[in-house]
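# Reading the structure
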Amino acid sequence: MKIVIAGGTGFIGGQLRKTLFSKGHEVVVLSRKPYQEFPSVVWDGKSSGEWQSAIEGADAVINLCGESIINGRWDMRRKKQIYDSRILPTRALVAALSQAKEKPKVLINASACGFYGDRDDEELSESSKPGDDFLGKLCVDWEREASIAQNLGVRTISLRMGIVLSREGGALRHLAFPFRLGIGGRLGSGRQWMSWIVLEDLISMILFLIDSQVFGPVNAVSPQPVRNSDFASLLAGMLKRPAWTFVPRWALGLGLGEVSAVLLSSQRAFPGKLEAAGFKFRFEDLSSALDFALNRH
Ligand SMILES: NC(=O)c1ccc[n+]([C@@H]2O[C@H](COP(=O)([O-])OP(=O)(O)OC[C@H]3O[C@@H](n4cnc5c(N)ncnc54)[C@H](OP(=O)(O)O)[C@@H]3O)[C@@H](O)[C@H]2O)c1
């Protein structure tokens with residue numbers, strides 16, 4: 001297959017790119033910088049241009065663009081960067097799809113469980129309503145931009161990813177850091193639910209979805225979300241460190257500002273659509289996931 005990955009240089013996209021290459025697929029990365037190590041085409045992530053020819057006749061376009069949501073406090077300028085770095089590349093890709101003579105069969109566009117906002121113990125499926133905080137509104141707009149491609153005849157999926165766990169880095173490195181120093185613990189009350197997915201399962205899921213008939217929003221999460229306090233205990237146990245301490249909600253708010261919502265919001269999401277389509281997870285429970293991701297083998 002010919003697969004175009006926008007954001008194919010990042011944490012998820014880089015691993016996806018390597019896996020697709022290893023399986024013998026033709027992969028083209030859209031990036032704002034030129035690369036020699038793999039086939040890439042330069043774009044600016046917002047305007048039309050010659051890069052559009054790269055998507056002609058592709059089997060799939062996968063869009064994983066977006067600036068980190070956790071680096072830096074969310075002032076107005078930062079929020080605009082976070083928003084624009086997701087909305088504008090999606091809009092540019094969909095415009096390119098509308099002009100393509102030979103349209104790709106499927107667009108898989110990143111989204112996040114942040115779509116749901118802060119939902120306490122509610123069990124969240126793909127049909128649950130969105131949250132009304134910054135990330136919730138961002139995800140609604142992001143998914144709306146992507147869904148325009150469905151009306152162009154391109155099967156379109158918005159992948160509502162949970163926290164992606166990997167030995168390659170990402171959120172787990174940040175989450176594990178205080179534990180490695182022996183000062184880790186639950187965040188706030190620790191009652192908030194965390195929806196997570198192992199990177200290897202996420203990549204298998206993307207391959208599965210390319211070949212499926214699934215469309216619309218898809219919860220890209222393991223079937224077993226956990227409370228933050230359970231996550232903290234398990235992580236501490238795996239790292240053989242204590243988890244006796246905790247970071248109060250007010251301290252997170254003081255230190256991180258609005259970004260603390262990412263750590264304190266409760267999202268108990270389930271992968272109903274993936275399971276109905278027959279996807280099989282390699283890592284269903286957090287214990288085996290952390291065991292794998294912390295590289296203990
Ligand atoms: N990692 C997670 O736990 C997680 C969870 C839920 C959702 N997600 C979402 O999944 C996507 C990928 O996440 P990731 O962790 O792989 O992110 P990442 O490592 O930060 O990579 C993001 C990619 O986005 C591109 N990018 C950044 N700013 C851009 C802009 N202004 N215009 C165009 N492209 C831009 C970069 O490509 P170039 O620099 O090569 O242009 C980079 O390859 C993001 O949208 C993220 O919100 C991630």
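The structure we're discussing is the one just above.
Analysis parameters
Residues numbered from 1 in each chain as written. Predicted model: local features only at pLDDT ≥ 70, side-chain atom pairs only at ≥ 80, totals over all residues. Heavy atoms only, no water. Near = heavy atom within 4 Å. Polar contact = N/O pair within 3.5 Å; in protein donor to acceptor, adjacent residues only side chain to side chain. Areas by Shrake-Rupley, 256 points an atom, 1.4 Å probe, with all protein chains shown as cover. Helix = DSSP H or I, 4+ residues; strand = E, 2+ residues; numbered from the N terminus. Nonpolar A, V, L, I, M, F, W, Y, C, P; charged D, E, K, R; others polar. Buried < 20%, exposed > 50% of the residue type's maximum accessible area, 1.4 Å probe, protein only. Contact = heavy atoms within 4.5 Å. Patch = residues over 30% accessible without salt bridge, like charges linked within 9 Å, V, L, I, M, F, W, Y side chains within 5 Å. Salt bridge = Lys/Arg side-chain N within 4 Å of Asp/Glu carboxyl O. Phe/Tyr/Trp six-rings, centres within 6.5 Å; stacked < 30°, edge-to-face > 60°. Lys NZ or Arg CZ within 6 Å of the ring centre and 35° of its normal.

Here we come to the site of the ligand. Around the ligand, the surrounding shell holds 23 residues, and the nearest of these are Thr9, Phe11, Ile12, Ser31 and Arg86. Separating an oxygen atom of the ligand from a side-chain N or O atom of serine 31 is a distance of 2.6 Å. Between the ligand and arginine 86, the relevant distance is 2.8 Å, taken from an oxygen atom to a side-chain nitrogen or oxygen of the residue. Calculation on the ligand without its partners gives an accessible area of 900 Å², and the protein chains cover 82% of this total. Listed by contribution, the elements that provide at least two residues to the shell around the ligand are helix 1 (11–22), helix 2 (76–99), strand 5 (106–112) and strand 8 (163–166). When its residues are assigned to classes, the shell around the ligand shows eleven nonpolar, eight polar and four charged.

A few words now on the side chain of serine 31. Tracing the backbone shows serine 31 in strand 2 (residues 26–31). Under the relative-accessibility criterion, serine 31 is labelled buried at 6%. Excluding residues within four positions of it along the chain, serine 31 makes contact with Thr9, Val41, Val42 and Trp43.

Bringing a nonpolar patch on the surface into the picture now. A contiguous nonpolar patch, built from Phe177, Leu181 and Ile183 and spanning about 330 Å² of accessible area, is present on the exposed surface. Within the fold, isoleucine 183 resides in the loop between helix 4 (171–180) and strand 10 (185–187).

Taken as a whole and judged by the stated rule, the model has seven aromatic pairs. Note on tryptophan 43 and tryptophan 51: the rings are 5.0 Å apart at their centroids and 70 degrees apart in plane angle, and the pair reads as edge-to-face. Between tryptophan 74 and phenylalanine 134, the aromatic rings sit 5.1 Å apart at their centres with planes inclined by 65 degrees, giving edge-to-face as the arrangement. You can see tryptophan 74 sitting in the loop between strand 4 (60–63) and helix 2 and its partner phenylalanine 134 sitting in helix 3 (residues 134–151), a full 60 residues away along the chain. The residues tryptophan 74 and phenylalanine 134 share a single accessibility class, namely buried. Aromatic rings pair up to connect Phe208, Phe279 and Phe281 into one cluster. For arginine 186, the ring lying beneath its charged end belongs to phenylalanine 246, and the centroid distance is 4.2 Å. The lysine or arginine in question, arginine 268, covers the ring of tryptophan 193, its NZ or CZ lying 4.2 Å from the ring centre.

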